[in-house]
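# Commentary on secondary and tertiary structure
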Amino acid sequence: MSSGYGMMEGAYFVGRVELLNWLNDLLKLDYTKVEQTASAAAFCQIIDSVNPGVVNLTQVNFNANTEYEYVKNFKVLQKAFDKLQIDKSIDVAKLVKAKYQDNLEFLQWIKRYYDLNNGGAEYDAIERRKGSYAADKKTLASGGGGAAKTTPAAKPATKVAAAPAKVAAPTKVAAPAKTATKAAAPAKTATTSKTSTPKIGGAG
């Protein structure tokens, strides 16, 4: 079955919000990011919704959170593609890196496949997941997928911000020297000396 939809195919114009709403409604999940499909668990179940029984859902790990586990899920998906003779190439090495554009394009493709091949039958996603690695909706609702954890994450060291350097207290400015307020009293000007009144001699 040829499933090579060209880049100008309408499937590749479907936006992120519409895709996530469709995915969550079909599978009863609550994915918030396209990157969460990197685990391939949702892809496997979408194919199961169109071709019940072709995908071995008991081998699908819906709680996968490492690239190694993602690859295992993609192997399950590839087996289903082979059974259905779907010649779509799956670039696993890229998809497991949880890069937005790669996962968006594959999700767009798989929605187009669903639209063209879905018979309209009711699909009980939660019931179909029973027996898989995550049989309950609550576990699946966490989303899985996203950037894989390659090693157990050690708690990051809490970075303590260095205390701000103390600002030196402003130095006191020496008060300006007091200027003499009292002006030197002006020198007293000499008072006019009294002129002695000449005595007039009496009559001889």
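Here, the structure is the one placed above.
Remember, predicted model here, so these are calculated numbers, not experimental data.

What follows covers the overall build of the protein chain. For the protein chain, the helix and strand inventory stands at seven helices and zero strands. Listing each helix as α and each strand as β along the protein chain from the N terminus yields α-α-α-α-α-α-α. A buried classification covers 35% of the 204 residues belonging to the protein chain. Considering only contacts in the protein chain between residues 6 or more positions apart, those separated by 24 or more positions represent 70%. Surface summary for the protein chain: the accessible area is close to 13800 Å², and the carbon and sulfur share equals 56%.

Here the focus is the pattern of salt bridges. Evaluation of the coordinates by the stated rule reveals four salt bridges. Here arginine 128 makes a salt bridge to aspartate 48, at a shortest N to O gap of 2.7 Å. Placement of the pair is arginine 128 in helix H6 (residues 125-129) and aspartate 48 in helix H2 (residues 41-50), with a sequence separation of 80 residues.

The subject of this paragraph is the nonpolar core. Counting 46 residues, the largest nonpolar core has Leu27, Ile47 and Leu77 as the members making the most contacts within it. Elements with a minimum of two residues in this core: helix H1 (16-27), H2, helix H3 (67-84) and helix H5 (100-117). For leucine 27, the contacting residues outside a window of four places in its chain are Ala42, Gln45, Ile46, Tyr123, Ala125 and Arg129.

Right, let's get into unusual backbone geometry. Working note: non-glycine residues mostly have negative phi, and peptide bonds are mostly trans. In this model, lysine 28 sits at a positive phi of 60°, which is unusual for a non-glycine residue. The residue lysine 28 is located in the loop between H1 and H2 in this model. Phi is positive for alanine 40, which is not a glycine, with a value near 75°.

Conventions and cut-offs
- Residues numbered from 1 in each chain as written.
- Predicted model: local features only at pLDDT ≥ 70, side-chain atom pairs only at ≥ 80, totals over all residues.
- Heavy atoms only, no water.
- Helix = DSSP H or I, 4+ residues; strand = E, 2+ residues; numbered from the N terminus.
- Buried < 20%, exposed > 50% of the residue type's maximum accessible area, 1.4 Å probe, protein only.
- Contact = heavy atoms within 4.5 Å.
- Areas by Shrake-Rupley, 256 points an atom, 1.4 Å probe, with all protein chains shown as cover.
- Salt bridge = Lys/Arg side-chain N within 4 Å of Asp/Glu carboxyl O.
- Core = buried A, V, L, I, M, F, W, Y, C linked by side-chain atoms within 4.5 Å.

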